[in-house]
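# Summary of structural features
Listed below are the residues making up each chain.
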Amino acid sequence: MVRFGGVPMANESRHAEDPALERTFRGHRSGVTACAFNPNMKQLVSASSDNSLMIWNFKPSMRAYRFAGHADSVLSVAYSPQGECIASGSKDRTVRLWQPSTVGLYTPKVLKAHSGAVRNVRFSADGRNLVSASQDKTLKLWHVNS
């Protein structure tokens, strides 16, 4: 029985099974600032104060890939809905669009319009648009056709 407000009674367990740690990913040279799942659920991407992104494969036998290009800390990352593009926002005031590859040697498209750190990036559900949020007190809507 659950009390009003969804709070379990003292003699009840909250979940049949508690969360369990599956794996730890290591490789950034500084603090991790953001992460996102690839829609295919086979990879994730992380952002860091080391100015890079890393793509991590869920299979332990596959290596991680580092993407460098930002001139300052990366604060936000997002996969496009189909997983073919990654957007990143940085303290360097840019948004970058990356095409994930197994090589990691891709030159991203650089979007410049903010006068402050880009704190968040998100794709629209159809992947055609991207919104960026900045310390400069603005949102920018980009047509990207990811």
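Please refer to the structure higher up on the page.
Residues numbered from 1 in each chain as written. Predicted model: local features only at pLDDT ≥ 70, side-chain atom pairs only at ≥ 80, totals over all residues. Heavy atoms only, no water.

### With respect to the pairing of strand β1 (residues 32-37)
Rule in force here: For two strands to pair, DSSP has to find at least two bridges joining them. Going along the chain from the N terminus, every DSSP run of H or I of four or more residues is numbered as a helix, and every run of E of two or more is numbered as a strand.
Here five bridges tie β1 to strand β2 (residues 43-48), and the two strands are oriented antiparallel to one another. The residue of β2 that forms the bridge with Ala34 is Ala47.

### Examining the sheet that holds strand β11 (residues 139-143)
Rules: To obtain each axis, a line is fitted to C-alpha atoms, and for helices this fit is confined to the stretch in contact; angles are then taken between N-to-C directions over 0 to 180 degrees.
Taken in spatial order, the three strands make up an open sheet running β9-β10-β11, and their pairing is antiparallel. Whereas interior strands pair on both sides, the edge strands pair on one side only; in this sheet they are β9 (118-123) and β11. Looking at each pair of strands side by side, their axes are set apart by 20° on average, direction ignored. Judged from the five bridges that link them, β9 and strand β10 (residues 129-134) form a sheet pairing that is antiparallel. From the neighbouring strand, Phe123 faces β10, where its bridge partner is Leu130.

### Section: the environment of Asn40
What counts is decided by this rule: A simple rule labels every residue: compare its accessible area, found with a 1.4 Å probe on the protein chains alone, to the largest value its type can have, and call it buried under 20%, exposed over 50%, or partly exposed in between. We call two N or O atoms a polar contact when they sit within 3.5 Å, provided that within protein one can donate a hydrogen and the other can accept it, with sequence-adjacent residues counted only if both atoms are side-chain atoms.
Here Asn40 is to be found in the loop between β1 and β2. Classification of Asn40 by relative accessible area gives partly exposed; the value is 40%. In this structure, the C-alpha to C-alpha distance between Asn40 and Pro81, residues 41 residues apart in sequence, is 9.5 Å. Engagement of the side chain of Asn40 in a polar contact is seen with the backbone nitrogen of Lys42, the distance being 2.6 Å.

### Quick look at the nonpolar core
For the record, the criterion: In this text, buried Ala, Val, Leu, Ile, Met, Phe, Trp, Tyr and Cys residues form a nonpolar core when linked through side-chain atoms within 4.5 Å. The contact criterion used is simple: two residues touch if any of their non-hydrogen atoms lie within 4.5 Å.
Ranked by internal contacts, the top residues of the largest apolar core, which has 13 residues, are Val45, Leu53, Val77 and Ile86. Of all elements in the fold, only β1, β2, β3 (52-57), β4 (65-68) and β5 (74-79) reach the threshold of two or more residues within this core. If we ignore the near neighbours within four places in the chain, the residues touching Leu53 are His28, Val45, Ser46, Ala47, Tyr65, Arg66, Phe67, Val74, Val77, Ile86, Ser88 and Trp98. Grouped together as the second largest cluster of nonpolar side chains are twelve residues, Ala78, Val118, Leu130 and Val144 included.

### Some details on the packing of aromatic side chains
The condition is simple: Only centres within 6.5 Å qualify two rings of Phe, Tyr or Trp (six-membered ring in Trp) as a pair; their planes then separate them into stacked at under 30 degrees, edge-to-face at over 60, and tilted for everything else.
Evaluated as defined, the whole model comprises three aromatic pairs. On the numbers, 6.1 Å between centres and 65° between planes, the contact of Phe37 with Phe58 is edge-to-face. Of this pair, Phe37 sits in strand β1 while Phe58 sits in the loop between β3 and β4, placing them 21 residues apart in sequence. Looking at Phe37, the relative accessible area reads 52%, which means it is exposed.

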